[in-house]
Amino acid sequence: MDHFLYRDGVLHAEDVPVAEIAATVGTPFYVYSTATLLRHFRLFDEALEGTDHLVCYAMKAASNQAILKTLAEAGAGMDVVSEGEYRRAKAAGVPGDKIVFSGVGKTADEIRYALSGGIRQFNVESEPEMEVINAVALELGTTAPITVRVNPDVDAKTHAKIATGKSENKFGIPIARAREVYAHAASLPGLEVIGIDVHIGSQLTDLDPFRLAYQKVAELTQALREDGHDIRRLDLGGGLGIPYTRSNEAPPLPVEYGQMIREELGHLNCEIEIEPGRLIAGNAGLMVSKVIYVKHGEGRDFLILDGAMNDLIRPAMYEAYHDIVPVTEATPGVEPQPYDIVGPVCESGDTFAKARLMPPLEAGDMVAFRSAGAYGAVMSSEYNSRPLIPEVLVHGDQFAVIRQRPTFDDMINRDTIPEWL
Ligand SMILES: *Cc1c(COP(=O)(O)O)cnc(C)c1O
């Protein structure tokens, strides 16, 4: 459920007409709904009610400071994957003890920065990384709380580019080697081993792969406890999928996910951590774009938009489907027609949809890409020298620009000319 609905035929973001935002900031732009962000965060928080838990928003999904602050004020922790994200979390007011540091390539500098600033735990992805965390902790005269990310070798049945839990993926330590790796971790004086971490992929639409992975984590918890480790925290990753189309079968709800977690792991009396990103931000955001031209091609009509793959790369990168809806609702009874919906970038990959049924549209009409809140703005670039598009946050009947569109000069002046030119 989200808060982007038509009222009297006009698409609204909460109580604000989308066209009013467009008139202020120009197109294309991203717009997020505060109520939807909070609703999704609370669904997870409530799903684990009664269990000692922390929902750590995986901020790589959408990391604008205003989004982070909205969630932080509601009590969210943060899952970060770089020093930049760590700094963003801190800047949004998240205390260090609610920040989890994930990612396969943490550098010594990043580790030092986070350990000095305060950290809930590092999720360790490899033995060499473990050595570096140990060395940095000793250098700082402290100990680093860690979990080890295990790779449970389960098939997440999701897009290959976002599956992370098979043995062929670069993530984590093979679960079969976990006892050996934990024994080594326990021997390093700069580390405090506190738990286990697992994250098998993104956009999972079935609970079974999660369940399989968590069963393996439960077994491992017992084995590690027998080995003498004080396993008291389980970080179960993110990955719960969202409905991108209104017609496909509904992915499991957070409440069902929470129930499954209790069933599989409740008896272990561990603190539970989850790291949802997409499910919190995905349906909380739209990308709004304007039709520049309607071009009649051979056997097909193209809607050429002012938004492009540099603004929303998911269709080009993951063959992702986004619902695309007109900002002014179609008049009932009007026959929809198929369009190829494309951006102006000089690549055939700059195609958002093929033969998509839409009401007849004309130059100047606006469309909204639904479910664009996660992995949208954060993955955008200035390819083709198209300045980054603005982000807007709506709260009831108010809206605010939360990231300005740079001017062309801002963009150009970021480059510097060497003295020999
Ligand atoms: C990307 C990622 C997440 C979030 O995944 P979603 O599918 O957005 O929920 C959580 N944890 C880790 C370690 C990740 O890499």
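In this text the structure is predicted, and so the values were computed from the model without any measurement.

Engineer: I'd like a description of the domain arrangement of the chain, backed by residues and values.
Structural biologist: On domain assignment, one finds that the chain holds domain 1 (4–31 + 282–412) and domain 2 (103–274). Computed over C-alpha atoms, the centres of domain 1 and domain 2 are 36 Å apart. On the domain 2 side, the residues contacting the 13 residues of domain 1 number nine residues. Of the roughly 900 Å² buried where domain 1 meets domain 2, counting both sides, 49% is carbon and sulfur surface. When the buried area of domain 1 at its contact with domain 2 is split by residue, Tyr318, Tyr321 and Asp323 rank highest and sum to 42% of it. Our enumeration of links across domain 1 and domain 2 arrives at zero salt bridges. For the pair domain 1 and domain 2, the number of links is four residue pairs in polar contact (both at pLDDT 80 or more). It is helix α11 (residues 314–318) that contributes the most residues to the side of domain 1 that touches domain 2, three residues altogether.

Engineer: Break down helix α7 (residues 178–186) for me, with residues and values.
Structural biologist: Where α7 is concerned, the buried positions are Ala178, Val181, Tyr182 and Ala185. Mapping the buried residues of α7 onto a view down its axis gives an arc of 100°, with all of them on the same face. Looking at the buried positions of α7, the neighbouring elements they touch are α6 (127–139), β9 (144–151), β10 (173–174), β11 (191–197) and α8 (208–226).

Engineer: Provide a residue-level description of the packing of aromatic side chains, including the pertinent values.
Structural biologist: Here a ring pair, both rings aromatic, is described through the centre-centre distance and the interplanar angle of the planes. Taken as a whole and judged by the stated rule, the model has eight aromatic pairs. A ring pair is formed by phenylalanine 44 and tyrosine 257, whose centres lie 6.3 Å apart and whose planes are at 85°; its orientation type is edge-to-face. Placement of the pair is phenylalanine 44 in helix α2 (residues 34–47) and tyrosine 257 in helix α9 (residues 254–265), with a sequence separation of 213 residues. In terms of burial, phenylalanine 44 and tyrosine 257 fall into one category: buried. Counting every residue linked through ring pairs, the aromatic cluster contains Phe44, Phe210, Tyr214 and Tyr257.

Engineer: Explain the sheet that holds strand β2 (residues 10–13) residue by residue, including any values.
Structural biologist: What holds strands together in a sheet is hydrogen bonding between their backbones, with the strands either parallel or antiparallel. What the three strands build is an open sheet, ordered β1-β2-β3; its pairing is antiparallel. Bordering the open sheet on either side are β1 (4–7) and β3 (16–17), each of which pairs with just one other strand. Inspection of the sheet shows β2 paired to β3 by two bridges, in the antiparallel sense. What sits directly across from alanine 13, in β3, is valine 16.

Engineer: For the site of the ligand, give the residues involved together with the corresponding values.
Structural biologist: Near the ligand, the surroundings consist of 14 residues, among which Lys60, Ser202, Glu275, Arg278 and Tyr375 are the closest. A distance of 2.9 Å is found between an oxygen atom of the ligand and a backbone nitrogen or oxygen belonging to glycine 277. Compared with its free state, where it exposes 390 Å², the ligand has 94% of that area covered by protein. Classifying every residue of the shell around the ligand gives three nonpolar, six polar and five charged.

Engineer: An account of the side chain of histidine 229 is needed here, citing residue identities and associated values.
Structural biologist: Looking at the element boundaries, histidine 229 is found in the loop between α8 and β12 (233–235). Assessed through its relative accessible area of 11%, histidine 229 is described here as buried. In this view, histidine 229 contacts Tyr182, Ala183, Ala186 and Leu224; residues no more than four positions away in its chain are not counted.

The rules behind each value
- Residues numbered from 1 in each chain as written.
- Predicted model: local features only at pLDDT ≥ 70, side-chain atom pairs only at ≥ 80, totals over all residues.
- Heavy atoms only, no water.
- Domains from an automatic or database assignment.
- Contact = heavy atoms within 4.5 Å.
- Buried area = accessible area lost by both parts, 1.4 Å probe.
- Salt bridge = Lys/Arg side-chain N within 4 Å of Asp/Glu carboxyl O.
- Polar contact = N/O pair within 3.5 Å; in protein donor to acceptor, adjacent residues only side chain to side chain.
- Helix = DSSP H or I, 4+ residues; strand = E, 2+ residues; numbered from the N terminus.
- Buried < 20%, exposed > 50% of the residue type's maximum accessible area, 1.4 Å probe, protein only.
- Arc of directions from axis to C-beta.
- Phe/Tyr/Trp six-rings, centres within 6.5 Å; stacked < 30°, edge-to-face > 60°.
- Pairing = 2+ DSSP bridges.
- Near = heavy atom within 4 Å.
- Areas by Shrake-Rupley, 256 points an atom, 1.4 Å probe, with all protein chains shown as cover.
- Nonpolar A, V, L, I, M, F, W, Y, C, P; charged D, E, K, R; others polar.

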